[in-house]
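Commentary on secondary and tertiary structure
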Amino acid sequence: MRTLITGGTVIDTEPEPRVLPGADVLVEDGVITAVGPGLAGTAGPRRHPEPPGPVEPEASAESPANGAPDVRVLDATGMIVLPGFVDTHRHVWQSVLRSIAADMTLGGYLDLVLGRLTPAFRPEDVYAANLWGALEALDAGITTVHDWSHIQLTPEHTDAAIQGLRESGIRAVFAYAHPRSDDAARREDEVRRIAALLGSSDLVTPGLAAWGPVYGSAAGAGADWRLARELGLRISLHATGTGAVERLHAAGLLGPDVMVVHGNGFTDEAVKLLAAGGGVASVTPAVEMQMGFGAPETGRFRAAGIPTGLGIDTVTNVPGDMFAAMRAAFAADRLGGGTLTVADVLRTATIEGAAVLGMDDRIGSLRPGKQADLVLLRTDRPGLAPVHDPVGAVVTAAGVGDVDTVLVTGRIVKHAGRLLHADPPGALTLASRSAAHVVAGAGERRTAVPS
């Protein structure tokens, strides 16, 4: 099946974000095959379909019917066409806890969400939360998410989390975290099971979310690194302040397969060590400022040559869309005297985020041969029109309401502003029921913690 996207304002991000005037995008079998002007004449017979309706998760919204020609045309006139956003750090299972910790700093969040609410999650709640959270991401044009999943209370919870991701249609890294941070809770057998289960998956792939050496022990960190590298898994860890990178360096654990999340307050030496070791970083600017981690390090990391992506982290206290994250990163850098441009910020949300996840050979730009993960933004809305600088408009003015169409591997998952999952209202009902169950089961409504 071929899809031709024509008439839009196309933004590519490789090697740098730039507008391609008059360009069309041709997709074949889920892969971008050409980007340039006048592709309608080379795409073969074409048809203008009615907007696709809801489909079953395994069905194709793009399949021709009744012997129609095999080119689907998406008219992007009045729209911006760009690569899908890449969220490099998100706890997807917390979608059913939206805004529950809005006033909390890190201590209050850890006490409420991880200490009181997490134990109340049943496997069916994790499924509902991951499905709803992934649909939320797709609705906002996020086509890839790194799911740092620390809700693995049982193997059934793990399977439910994976099922939710798979049914949504999103591209995801499912990063398994042991049930707790203490060494006694390590589950190497589960990591091996997940690596085998997801090893051949096209869209949901495995990773390891490590507790140590910040929240867990150095010995546990060493064991996790050995396991991850044996299985070929990329490793992600939370780290702020001083000491974490230095300890990883001293233990010989740094490498291009290591993603440090946050990094607020790193010493100059830590930044140099991370860069020299080939490590990568994920910055979650809105959460970092709101929870009091410190100033986001987006510009500092990039200046040191560290590939840097953006993440949402948790919707317990910030929005779940990349537009908010881009604006937070941009504003924080400028407030701190930085020199990030809107093009720099868009790179972190697309091709550079893909590089952080080791996927820049597959996604993140419109280079022919890459997977067709694409977003079409309407530009006829009051908050976005008129568009003078398309890159600047995406970073500083666009929002979730402007996301008209989203494709993942060429498959349309949102069209005309409507998600094409088989049953969005049903997914919402499941998420709402799980939210009520978790809060009631934890005996906790909302706790205000002084900041």
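Cut-offs and rules
Residues numbered from 1 in each chain as written. Predicted model: local features only at pLDDT ≥ 70, side-chain atom pairs only at ≥ 80, totals over all residues. Heavy atoms only, no water. Helix = DSSP H or I, 4+ residues; strand = E, 2+ residues; numbered from the N terminus. Rg over C-alpha atoms; globule rule 2.2 N^0.38 Å. Buried < 20%, exposed > 50% of the residue type's maximum accessible area, 1.4 Å probe, protein only. Contact = heavy atoms within 4.5 Å. Pairing = 2+ DSSP bridges. Axes fitted to C-alpha atoms, helices over the stretch in contact; angles between N-to-C directions. Phe/Tyr/Trp six-rings, centres within 6.5 Å; stacked < 30°, edge-to-face > 60°. Core = buried A, V, L, I, M, F, W, Y, C linked by side-chain atoms within 4.5 Å. 1 Å grid on protein atoms, 1.4 Å probe; cavity = no way out; pocket = protein on both sides within 12 Å on 5 of 7 lines; lining within 4 Å. Points joined across faces, edges and corners; volume = space filled by probe spheres on them. Nonpolar A, V, L, I, M, F, W, Y, C, P; charged D, E, K, R; others polar. Right-handed = clockwise from strand over helix to strand, strands pointing away. Parallel < 35°, antiparallel > 145°, perpendicular 65-115°, else oblique. Left-handed = near helix turned anticlockwise from the far one by under 90°. Arc of directions from axis to C-beta. pLDDT = per-residue confidence, 0-100.

For the rest of this paragraph, the subject is the overall build of the protein chain. A tally of regular secondary structure across the protein chain gives 14 helices and 19 strands. Scaling as 2.2 N^0.38, a compact globule of 451 residues should have a C-alpha radius of gyration of about 22 Å, and the protein chain matches this with 21 Å. By principal-axis analysis of the C-alpha atoms, the protein chain measures approximately 60 × 45 × 45 Å. Sorting the 451 residues of the protein chain into buried and exposed places 58% on the buried side. Here the contacts in the protein chain between residues at least 6 apart in sequence split such that 74% fall between residues at least 24 apart.

Looking now at the sheet that holds strand 4 (residues 24-28). Spatial strand order, 5-4-1-6: four strands in an open sheet with mixed pairing. Across the chains shown, the open sheet's two edge strands, defined by having one partner strand only, are strand 5 (31-36) and strand 6 (71-75). Ignoring which end each strand starts from, the neighbouring axes of this sheet average 20 degrees apart. Bridge analysis of strand 4 against strand 5 gives five bridges, and the strand direction is antiparallel.

Scanning all chains against the criterion turns up four aromatic pairs. Measuring from centroid to centroid gives 5.3 Å for F85 and F323, while their planes differ by 80 degrees, and the two rings are edge-to-face. Of this pair, F85 sits in strand 8 (residues 85-90) while F323 sits in helix 10 (residues 322-335), and the two are 238 residues apart along the sequence. The pair formed by F85 and F323 is uniform in burial state, with each residue classed as buried. Plain terms: the ring middles of W93 and F121 are 5.2 Å apart, the flat faces sit at 90 degrees to each other, and that makes the pair edge-to-face. Of this pair, W93 sits in the loop between strand 8 and helix 1 (106-117) while F121 sits in the loop between helix 1 and helix 2 (123-139), placing them 28 residues apart in sequence. Accessibility classification places W93 together with F121 in one group, the buried group.

Ranked by size, the top nonpolar core spans 105 residues in total, and within it F85 and M326 carry the most contacts. The greatest single-element share of this core, amounting to eight residues, is contributed by helix 2. Membership of the second largest hydrophobic core comes to 18 residues, among which are I5, I32, A76 and L366.

So, on to empty space enclosed by the protein. With the rule as written, the count across this model stands at two cavities of 30 Å³ or more. If you add up the space inside the largest cavity, you get close to 60 Å³. Looking at the largest cavity, it is lined by 13 residues, and the ones nearest its centre are S181, D183, W211, G212 and D224. Of the residues belonging to the lining of the largest cavity, the class tally is two nonpolar, six polar and five charged. The volume enclosed by the second largest cavity comes to roughly 40 Å³.

Read across the sheet, seven strands follow the order 3-2-7-16-17-18-19 without closing on themselves; strand pairing throughout is mixed. Every interior strand has two partners, whereas the edge strands, strand 3 (18-20) and strand 19 (418-419), have only one. Bridge count for strand 18 (residues 411-415) against strand 19 is two bridges, and the pairing is antiparallel. Pairing of H415 across the sheet is with R418, part of strand 19.

Quick look at the pairing of strand 12 (residues 235-239) now. Among the five residues that make up strand 12, five are buried, leaving the element largely enclosed by the rest of the structure. Every second residue of strand 12 is oriented toward a common face, with I235, L237 and A239 on one face and S236 and H238 on the other, all of them buried. Strand direction decides the pairing type here: strand 11 (residues 204-210) and strand 12, joined by three bridges, are parallel. Opposite A209, over in strand 12, you have S236 as the bridge partner. Handedness of the β-α-β unit built from strand 11, helix 5 (residues 218-231) and strand 12 comes out right-handed.

All right, on to the packing of helix 2 against helix 14 (residues 424-442) then. Closest axis-to-axis distance for the helix 2/helix 14 pair is 8 Å, and the angle between their directions is 130 degrees. When the axis of helix 2 is compared with that of helix 14, the two are oblique. Read as a crossing pair, helix 2 and helix 14 show a hand that is left-handed. Every residue of helix 14 that contacts helix 2 at E124, D125, Y127, A128, L131, W132 and L135 is listed here: P424, A427, L428, L430, A431, S434, H437 and V438. Along the lines of polarity and charge, the residues of the contact of helix 2 with helix 14 split into 11 nonpolar, two polar and two charged.

Turning next to helix 7 (residues 268-276). Taken together, the buried positions of helix 7 are occupied by A270, V271, L273 and L274. On an axial view of helix 7, the arc spanned by its buried residues comes to 165 degrees, and they lie on one face. The outward face of helix 7, more than 90 degrees from its buried face, is lined by the exposed residues D268, K272 and A276. Structurally, helix 7 contributes buried residues whose contacts are with helix 6 (244-250), strand 13 (258-262), strand 14 (280-283) and helix 9 (298-303).

The subject of this paragraph is the confidence of the model for the protein chain. Residue-level pLDDT values for the protein chain average 92, and 92% of them are 70 or greater. For the stretch residues 45-68, pLDDT sits under 50, and the model shows 57 contacts to residues farther than four places along the chain or on other chains. For residues 444-451, every residue scores under 50 in pLDDT, and the model assigns this stretch 18 contacts once sequence neighbours within four places are set aside.

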